[in-house]
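Observations on the model geometry
One letter stands for each residue in the lines below.
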Amino acid sequence: MAGIKALISLSFGGAIGLMFLMLGCALPVYDKYWPLFLLFFYILCPIPYCISRRVVDDTDSASNACKELAIFLTTGIVISAFGLPVVFARAEVIAWGACALVLTGNVVIFSTILGFFLVFGSNDDFSWQQCNNQADGMLLFDELLG
């Protein structure tokens, strides 16, 4: 049940972050949709880390070049996502109020992405794979009893 609560709270956080992004674009005072380019950064952000988790064997405790590169690329994507609205505001493409709303949305969205990897990233406490294995074990147990 703890996994469901975490998933619901993460989806709520994502919705709040996207709301701030849309408010920065669609309010009649601002009415510019250039900050929607940040959606690409939201999609690209977890990709390097997910690829490195697939490629790298996590049995050794030493630092790994592939994982370090993935963290570096993810950091670059996140910094770019925070820099783009500021560049837009300095170039007077968007208003500073829209920039503030978009930056608030960035904080919420990237916190949600980080929270997802903290909650569902490890196989120790709870993961979808562990949940499926427990369900398969319960089905096997039911077959043995019945």
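Higher on the page you've got the structure.
The rules behind the values
- Throughout this document, residue positions are counted from 1 along each chain, in the order its sequence is written.
- Only residues with pLDDT of at least 70 are given local features in this predicted model, and only at 80 or more are side-chain atom pairs given and counted; all residues enter the totals for whole chains, interfaces and linings.
- Only hydrogens and water are removed before side-chain values are computed, so all heavy atoms of the structure are retained for them.
- Labels follow the DSSP assignment, with helices taken as runs of H or I lasting at least four residues and strands as runs of E lasting at least two, numbered in each case from the N terminus.
- For every residue, the accessible area obtained with a 1.4 Å probe (protein chains only) is divided by the maximum for its type, and the residue is called buried under 20%, exposed over 50%, and partly exposed between those limits.
- Contacts: residue pairs with any heavy atoms within 4.5 Å of one another.
- Here the open area of atoms and residues is found with the Shrake-Rupley method and a 1.4 Å probe, where only the protein chains shown may cover a residue.
- Only the stretch in contact is used when fitting a helix axis, every axis being a line fitted to C-alpha atoms; angles between N-to-C directions are given from 0 to 180 degrees.
- Any angle from 65 to 115 degrees is called roughly perpendicular, while one under 35 is roughly parallel, one over 145 is roughly antiparallel, and all others are oblique.
- Side-chain classes follow a simple rule in which Ala, Val, Leu, Ile, Met, Phe, Trp, Tyr, Cys and Pro form the nonpolar group, Asp, Glu, Lys and Arg form the charged group, and the remainder, Gly included, forms the polar group.
- Put simply, two rings from Phe, Tyr or Trp (the six-membered ring, in Trp's case) pair if the centres are within 6.5 Å, and we call them stacked under 30 degrees between planes, edge-to-face over 60, tilted for the rest.
- What qualifies as a polar contact is a pair of N or O atoms within 3.5 Å, subject to a donor-acceptor requirement within protein and to the restriction that residues adjacent in sequence count only when both atoms come from side chains.

Before going further, it helps to examine the overall build of the protein. Assigned secondary structure in the protein consists of 6 helices and 0 strands. In sequence order, the protein lays out its α and β elements as α-α-α-α-α-α. Across the 146 residues of the protein, 27% fall into the buried class. Put simply, 63% of the contacts in the protein that link residues at least 6 apart link residues at least 24 apart. For the protein, the accessible area works out to roughly 9700 Å², and carbon and sulfur atoms hold 69% of it.

Packing of helix 3 (residues 47–55) against helix 4 (residues 65–90) brings their axes to within 8 Å, and their N-to-C directions diverge by 170 degrees. Comparing their axes, helix 4 and helix 3 come out roughly antiparallel. Between helix 3, through P48, Y49, S52 and V55, and helix 4, the contact on the second element is made entirely by C66, K67, A70, L73, T74 and I77. Partitioned by chemical class, the residues of the contact of helix 3 with helix 4 number 7 nonpolar, 2 polar and 1 charged.

Take the packing of aromatic side chains next. Summed over all chains, the structure comprises 8 aromatic pairs. With 5.7 Å between their ring centres and 80 degrees between their planes, F116 and F117 make a pair best called edge-to-face. Given the relative accessible area of 36%, F116 is considered partly exposed. Judged by relative accessible area, which is 18%, F117 ranks as buried. Taken together through their ring pairs, the aromatic side chains of W34, F37, F40 and F88 make up a single cluster.

This brings us to the side chain of S52. With respect to the helices and strands, the residue S52 is situated in helix 3. For S52, the side chain forms a polar contact with the main-chain oxygen of Y49, separated by 2.9 Å. Excluding its chain neighbours within four sequence positions, the residues that come into contact with S52 are C66, K67 and A70.

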